[in-house]
Amino acid sequence: MQFITLDTVDDPRVEAYVQLGNRLEPAKGGFIAESPKVIARALAADREPLSLLVEEPWLEGMKDTFDFIDGRWGADIPVYVASPEQLKRLTGYRLHRGALCAMRRWPLPSVAEVCRSARRVAVMENIVDHTNVGALMRSAAALDVD
């Protein structure tokens, strides 16, 4: 891993994390995984990390993750290290689990492929708060959405 301590939150290398404004949307081929647990699950699914942004206090606890990345994708993946205050300024909110990872998205299926055998489809657009997804999924299940 390449550990790079941020001097400023205006560093263009961390643009993907700024205000988490969907800068890595599917059309651009990326996504952001938040928290060491989610990052580990994405890595286990063989998602390629592009970079990580980690609060300094979380570095030691992520050693196994860093070792795994080094072994699978090589030592050139940058880990941008920031203080909790810098991360809050950069992302726009207090990160409770101290780590983000920009990752390469897998190829998405076409709408036709997804809906091929579906009878009822729900479309969720512009979801900004991930906590709403659970409620939407439960509602979709109650309405027998495929």
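All of the points below concern the structure found in this document. Fair warning: this is a prediction, and the values are worked out from it, not measured in the lab.

### Quick notes on the layout of surface pockets
Summary: where empty space remains is shown by rolling a probe the size of a single water molecule over the atoms.
Point 1. In this model, the second largest pocket occupies a volume close to 260 Å³.
Point 2. Lining the second largest pocket are Pro109, Ser110, Val111, Val114, Cys115, Val121, Ala122, Val123 and Met124.
Point 3. Per-class residue counts for the lining of the second largest pocket are 8 nonpolar, 1 polar and no charged.

### Quick look at the sheet that holds strand 2 (residues 30–34)
Point 1. In space, the 5 strands of this open sheet follow the order 1-4-3-5-2, with mixed pairing throughout. Every interior strand has two partners, whereas the edge strands, strand 1 (2–5) and strand 2, have only one. Neighbouring strand axes in the sheet, compared pairwise and without regard to direction, differ in orientation by 20 degrees on average.
Point 2. Pairing analysis gives 4 bridges linking strand 3 (residues 49–55) to strand 4 (residues 78–82), with the strands arranged parallel. Paired with valine 54 across the strands is valine 81, a residue of strand 4.
Point 3. Here helix 2 (residues 63–73) sits on the sheet in contact with strand 1, strand 3 and strand 4, set at roughly 165 degrees to strand 3.
Point 4. Lying over the sheet, helix 3 (residues 84–91) contacts strand 3, strand 4 and strand 5 (99–104), oriented at roughly 125 degrees with respect to strand 3.

### Describing the side chain of serine 51
Point 1. One can find serine 51 in strand 3.
Point 2. Serine 51 gets classed as buried once you look at its relative accessible area, which sits at 8%.
Point 3. Look past the residues within four positions of serine 51 in its chain and what remains in contact with it is Tyr17, Ile77, Pro78, Tyr80, Leu100, Cys101 and Ala102.

### Things to note about the environment of cysteine 101
Point 1. Within the secondary structure layout, cysteine 101 lies in strand 5.
Point 2. You can call cysteine 101 buried: its relative accessible area is 0%.
Point 3. Each C-alpha atom, one on cysteine 101 and one on serine 51, is 5.8 Å from the other, the two residues being 50 residues apart in sequence.
Point 4. When sequence neighbours within four positions are dropped, the list of residues in contact with cysteine 101 reads Tyr17, Phe31, Ile32, Ala33, Ile39, Pro49, Ser51 and Leu52.

### Quick look at the pattern of salt bridges
Point 1. Counted according to the given criterion, the structure contains 6 salt bridges.
Point 2. Ionic pairing is found between aspartate 46 and arginine 72, a salt bridge with its closest N-O pair at 3.0 Å. Separated by 26 residues along the polypeptide, aspartate 46 in the loop between helix 1 (36–44) and strand 3 and arginine 72 in helix 2 bring together distant segments of the chain.
Point 3. The class of arginine 72 is partly exposed, set by a relative accessible area of 41%.
Point 4. Through salt bridges with shared partners, a single ionic network connects Arg119, Asp144 and Asp146.

### Quick word on the nonpolar core
Note on soluble globular proteins: their nonpolar side chains tend to be buried together.
Point 1. In this structure, Ile39 and Leu52 are the most contacted members of the largest nonpolar core, which totals 18 residues.
Point 2. Within the residue set of this core, elements represented by two or more residues are strand 2, helix 1, strand 3, helix 2, strand 4 and strand 5.
Point 3. Residues in contact with leucine 52, not counting those within four places in the same chain, are Met1, Tyr17, Ile39, Met62, Phe66, Ile69, Ile77, Pro78, Val79, Tyr80, Leu100 and Cys101.
Point 4. Grouped together as the second largest cluster of nonpolar side chains are 13 residues, Ile4, Tyr17, Tyr80 and Leu95 included.

### Observations regarding helix 3
Point 1. Within helix 3 the residues assigned to the buried category are Gln86, Leu87, Leu90 and Thr91. Viewed end-on, helix 3 has its buried residues packed into an arc of 115 degrees, placing them on one side of the element. Residues of helix 3 that are exposed and point more than 90 degrees away from the buried face comprise Glu85 and Arg89.
Point 2. Looking at the packing, one finds that the buried side of helix 3 touches strand 3, strand 4 and strand 5.

Conventions and cut-offs
Residues numbered from 1 in each chain as written. Predicted model: local features only at pLDDT ≥ 70, side-chain atom pairs only at ≥ 80, totals over all residues. Heavy atoms only, no water. 1 Å grid on protein atoms, 1.4 Å probe; cavity = no way out; pocket = protein on both sides within 12 Å on 5 of 7 lines; lining within 4 Å. Points joined across faces, edges and corners; volume = space filled by probe spheres on them. Nonpolar A, V, L, I, M, F, W, Y, C, P; charged D, E, K, R; others polar. Pairing = 2+ DSSP bridges. Helix = DSSP H or I, 4+ residues; strand = E, 2+ residues; numbered from the N terminus. Axes fitted to C-alpha atoms, helices over the stretch in contact; angles between N-to-C directions. Contact = heavy atoms within 4.5 Å. Buried < 20%, exposed > 50% of the residue type's maximum accessible area, 1.4 Å probe, protein only. Salt bridge = Lys/Arg side-chain N within 4 Å of Asp/Glu carboxyl O. Core = buried A, V, L, I, M, F, W, Y, C linked by side-chain atoms within 4.5 Å. Arc of directions from axis to C-beta.

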